[in-house]
Structure formats: structure tokens, C-alpha cells
Amino acid sequence: MIPSWIIIGAVTFFVALGSFFITPRDVKWFANLSRPRWLVFEPLIPVIWTVIFVCGAASAYIVWEKNPGSPITWLLMALYLLVEIITVAYIPTMLRFRSLKVGEVLGLIGLISGVVLAISVLPISLTAALLLLPYLIWTPIGTYTTDELKELNPLDA
């Protein structure tokens, strides 16, 4: 039997790979956008998201181990997966449509889904809920940044 942490980690990793479906032309559009002066942490964003995904996978593992295979646990795993898919879809979808508004909407949907997930796992495990805090803190920052990009680049909103 494959340990649950390996399966959860593998699912997290392979869903995160979905963000690589970006064409160079799309990346060039985003790279040419004007940025706010305070956006000095942009090079750290991949590291930040890596930490967030690892924390999310650890949270899912804790929840799974509390009651493996139960219908509620499966529903929570589906919610974890939904949050990750929304998160991973953020950049490629925004770049494909060349629309910062699309990114902002996905960011808000991700935040709402993350809050629902955290509230849902809190009765099961405080630790699992706390591991979702990096996502809940960072997602509004990313969404706000996208909103600022819209203001600086109205033709690309």
C-alpha cells in the first residue's frame, strides 16, 4: 500500500505542473506590464507558492490521517484539490486571455474557497487549519497586486 503522504504529495506536485502550460508569448505580455514600485518581492513568488503548496499538502495529509477514507474526508480532499486547481489556473488563465481581470476573479474565488476549506478542517485539526494560513494570507496580497497591475495597465485589464 502506498502511504497517503506520497499520494497527496504526488497529486499536489502534478496539479502544480499544470501551471507550466504557458506559451512564451503570453509570458512576454505579462513581463511588459508596468508594475507598482512596491512590488520588490516578485522574484520570491515561486518560493512563496512552493511553501504554500507544501503547507496545503501537509494540511491535507493531517486531515486524511484523522479519518482516512470516510465520505467527509473524501469531500475535503476534493475541496483541497479544487483550491489547488483554482490557484494553479490563476496565472495560465490570466496569461492566455491576457486579462488581469480574469486573474483577479480567480484570486477572489481561490480566497473564498480557501476560507471555506480552512473553516471546514478547523473542527478536525487546528494544525491542518493553521497550515492553510500562508494561502489565506498570500492570496489577498496576490489579488491586490493584480488589482494594482490593472490600475497601472488599463488597456490590459
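Residues numbered from 1 in each chain as written. Predicted model: local features only at pLDDT ≥ 70, side-chain atom pairs only at ≥ 80, totals over all residues. Heavy atoms only, no water.

1. Some details on the packing of helix 1 (residues 4-17) against helix 3 (residues 45-66)
Relative orientation of the contacting elements helix 1 and helix 3 amounts to 145°, with a least axis distance of 9 Å. For helix 1 against helix 3, the interelement crossing comes out right-handed. Contacts from S4, W5, I8, T12 and A16 in helix 1 reach F53, A57, A60, Y61, W64 and E65 in helix 3. Across the contact of helix 1 with helix 3, the residue classes break down as 8 nonpolar, 2 polar and 1 charged. (Axes fitted to C-alpha atoms, helices over the stretch in contact; angles between N-to-C directions. Helix = DSSP H or I, 4+ residues; strand = E, 2+ residues; numbered from the N terminus. Left-handed = near helix turned anticlockwise from the far one by under 90°. Contact = heavy atoms within 4.5 Å. Nonpolar A, V, L, I, M, F, W, Y, C, P; charged D, E, K, R; others polar.)

2. Comments concerning the UniProt feature "transmembrane region" (unreviewed entry) in the chain
Mapped onto the present numbering, the UniProt feature "transmembrane region" (unreviewed entry) falls on residues 6-23, 44-64, 70-93 and 105-138. Structurally, residues 105-138 comprises 82% helix and 0% strand, and the distance from its first C-alpha atom to its last is 15 Å. (UniProt positions renumbered as here; feature names shortened; annotations may be inferred.)

3. Considerations on the pattern of salt bridges
A pair can form between side chains of opposite charge whenever their charged atoms are brought close. Scanning the entire structure with this criterion turns up 4 salt bridges. We note a salt bridge from K150 to D147, for which the minimum N-O separation is 3.8 Å. Placement of the pair is K150 and D147 together in helix 7 (residues 133-152), with a separation of 3 residues, close to one helical turn. With relative accessibility at 22%, the residue D147 sits in the partly exposed group. (Salt bridge = Lys/Arg side-chain N within 4 Å of Asp/Glu carboxyl O. Buried < 20%, exposed > 50% of the residue type's maximum accessible area, 1.4 Å probe, protein only.)

4. Regarding the packing of aromatic side chains
Evaluated as defined, the whole model comprises 8 aromatic pairs. Measuring from centroid to centroid gives 5.8 Å for W38 and Y144, while their planes differ by 25°, and the two rings are stacked. With W38 in the loop between helix 2 (24-31) and helix 3 and Y144 in helix 7, this residue pair connects regions lying 106 residues apart in the sequence. Where W49 meets F53, the ring centres are 5.9 Å apart and the plane angle is 35°; that geometry is what we call tilted. In this pair, W49 and F53 both sit in helix 3, 4 residues apart, roughly one turn of the helix. Within the aromatic cluster, the residues linked to one another by ring pairs are W38, F41, W138 and Y144. Over the ring of F30 we find R35; its NZ or CZ atom is 4.7 Å from the centre of that ring. (Phe/Tyr/Trp six-rings, centres within 6.5 Å; stacked < 30°, edge-to-face > 60°. Lys NZ or Arg CZ within 6 Å of the ring centre and 35° of its normal.)

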